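Report on the structure
So you can see what is in the structure, the chains are spelled out below.
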Amino acid sequence: MSNSGVAPFVKWAGGKRQLLQQIKERMPEQYNNYFEPFVGGGAVTFELLPANALINDINMALINTYQHIRNMPEAFLKAVNKLDEEMWEDGKEYYYSLREYYNDKLMKAEFDVELAALFVFINKHCFNGLYRVNGKGLFNVPYNNSRRASVDEKAIMETSKYLQGVTIINGDFEAACENAGKGDFVFMDSPYAPLNPTSFESYTKEGFDIESHKRLAKLFDELTVRGCYCMLTNHNTDLINELYGGKGYRIDVVSVKRMINSDASNRVGEEVIICNY
């Protein structure tokens, strides 16, 4: 296993960059295969560069990008550099025209190299690197007023090389862990449980409701019985403590800086790192 990671190619809400040290300190010393059912921007995978890895995400546009970077990095770079080079004087107008084009392709399910390039361009030029869609499934994050380069070519080539040995799938978290067995490590960067339980309504459009959290906790228990090493991260909320507490799991509370909150006094939050070993 290599120790020098590669830089993630997208920024992802709830990404684990600031928890990397705490995650690494708590990892099993040895494990067989690596599973990451909620890969997102891949901060953990790209830091660890595990051999025999399987990564999964429910977001098809994201997984399409991983696959194109793995399978055709040159074509991907050519497409994304073209988007950067053709940027108009009015960056804002350009961004919104590309966002509209991206949504159009999304609606037609055109999961090609052009969509992968648009995905990365938009991620780098949208506000806070947030990936958010409205009720119709259209990407709706505003422009961040930057004209920066969308990619670091060297990092993309390194990422592509690493991904050659990785299984990349797009689907449900349970299916992603189907073949996890004794001695395998499963890292679950699960979608955040809302800090305020009443905000669960607004949460269901993300597709991860209270039932999903319960199903995930059940999977964690099942994987434990199978002999997998499991680590899960989330907000330190009553729901999470209810689902994972009292089962003999180790629950460590860690402080994190929250970027999303506009009130500076509320910017320190607590997350939990739950391990079954």
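No experiment lies behind these values; they were computed from the predicted model shown. Along each chain, numbering runs from 1 in the same order as the chain's sequence is written. Restriction of local features to residues with pLDDT of at least 70 applies here, the model being predicted, together with a cutoff of 80 or more for giving and counting side-chain atom pairs; totals for whole chains, interfaces and linings are based on all residues. Water and hydrogen atoms play no part in the side-chain values, which are based on all heavy atoms of the structure.

What follows deals with the sheet that holds strand E1 (residues 34-36). Backbone hydrogen bonds are what pair the strands of a sheet, in a parallel or an antiparallel way. Here seven strands make up an open sheet; going across it, the order is E3-E2-E1-E4-E5-E7-E6 and the pairing mixed. Strands at the two margins of the open sheet, each flanked by one partner only, are strand E3 (167-170) and strand E6 (250-257). Looking at each pair of strands side by side, their axes are set apart by 15° on average, direction ignored. Summarising the sheet, strand E5 (residues 229-235) and strand E7 (residues 268-275) pair through five bridges and their orientation is antiparallel. Paired with His235 across the strands is Glu271, a residue of E7. Across the sheet, helix H3 (residues 60-71) touches strand E2 (53-57) and E3, and the angle it forms with E3 is around 155°. Pairing between strands requires that DSSP locate at least two bridges from one strand to the other. Helical segments are the DSSP runs of H or I of at least four residues, strand segments are the runs of E of at least two, and each set is numbered from the N terminus. Orientation is described by lines fitted to C-alpha atoms, with helices fitted over the stretch in contact, and by angles between N-to-C directions that extend from 0 to 180 degrees. By the convention used here, residues are in contact when the closest approach between their heavy atoms is within 4.5 Å.

Of note, Leu49 is a non-glycine position whose phi angle comes to about 45°, a positive value. Turning to its location among the elements, Leu49 is positioned in the loop between helix H2 (43-48) and E2. With a 1.4 Å probe rolled over the protein chains alone, any residue whose accessible area is under 20% of its type maximum counts as buried; one over 50% counts as exposed, and the rest are partly exposed. Given a relative accessible area of 11%, Leu49 falls into the buried group. Located in the positive-phi region is Ala109, a residue other than glycine, with phi close to 55°. Along the polypeptide, Ala109 turns up in the loop between helix H5 (91-107) and helix H6 (113-125).

This brings us to the nonpolar core. As used here, the term nonpolar core means buried Ala, Val, Leu, Ile, Met, Phe, Trp, Tyr and Cys residues forming a set that is joined through side-chain atoms within 4.5 Å. By size, the foremost hydrophobic cluster in this structure holds 58 residues, and its most contacted members are Tyr66, Phe76, Tyr102 and Leu163. With eight residues, the top contributor of residues to this core is H6. Apart from residues lying up to four places away in sequence, Leu163 is in contact with Phe46, Ile55, Tyr66, Ile69, Arg70 and Ile168. If you look at the next biggest cluster of nonpolar residues, it comprises 26 residues, including Phe38, Ala176, Met188 and Ile274.

Take a side-chain nitrogen of Lys or Arg and a carboxyl oxygen of Asp or Glu: if they are within 4 Å of each other, that pair is a salt bridge. Going through the model one piece at a time under the given rule, you end up with 16 salt bridges. A salt bridge links Lys218 to Glu222; the nearest nitrogen and oxygen atoms lie 3.4 Å apart. Of this pair, Lys218 and Glu222 both sit in helix H10 (residues 210-226), four residues apart, which is roughly one turn of the helix. Through salt bridges with shared partners, a single network forms among Lys105, Glu110, Asp112 and Glu114.

Two aromatic rings from Phe, Tyr or Trp, using only the six-membered ring of Trp, form a pair when their centres are within 6.5 Å; if the ring planes differ by under 30 degrees the pair is stacked, by over 60 it is edge-to-face, and anything between is tilted. What the rule picks out here adds up to 22 aromatic pairs. With a centroid separation of 4.9 Å and an interplanar angle of 75°, the aromatic rings of Phe9 and Tyr66 are classed as edge-to-face. Of this pair, Phe9 sits in the segment before helix H1 (20-25) while Tyr66 sits in helix H3, and the two are 57 residues apart along the sequence. For the pair shown, Phe9 and Tyr66 are each scored as buried. Seen in terms of ring centroids, Phe46 and Tyr162 are 6.4 Å apart; in terms of plane orientation they differ by 75°. Their pairing is edge-to-face.

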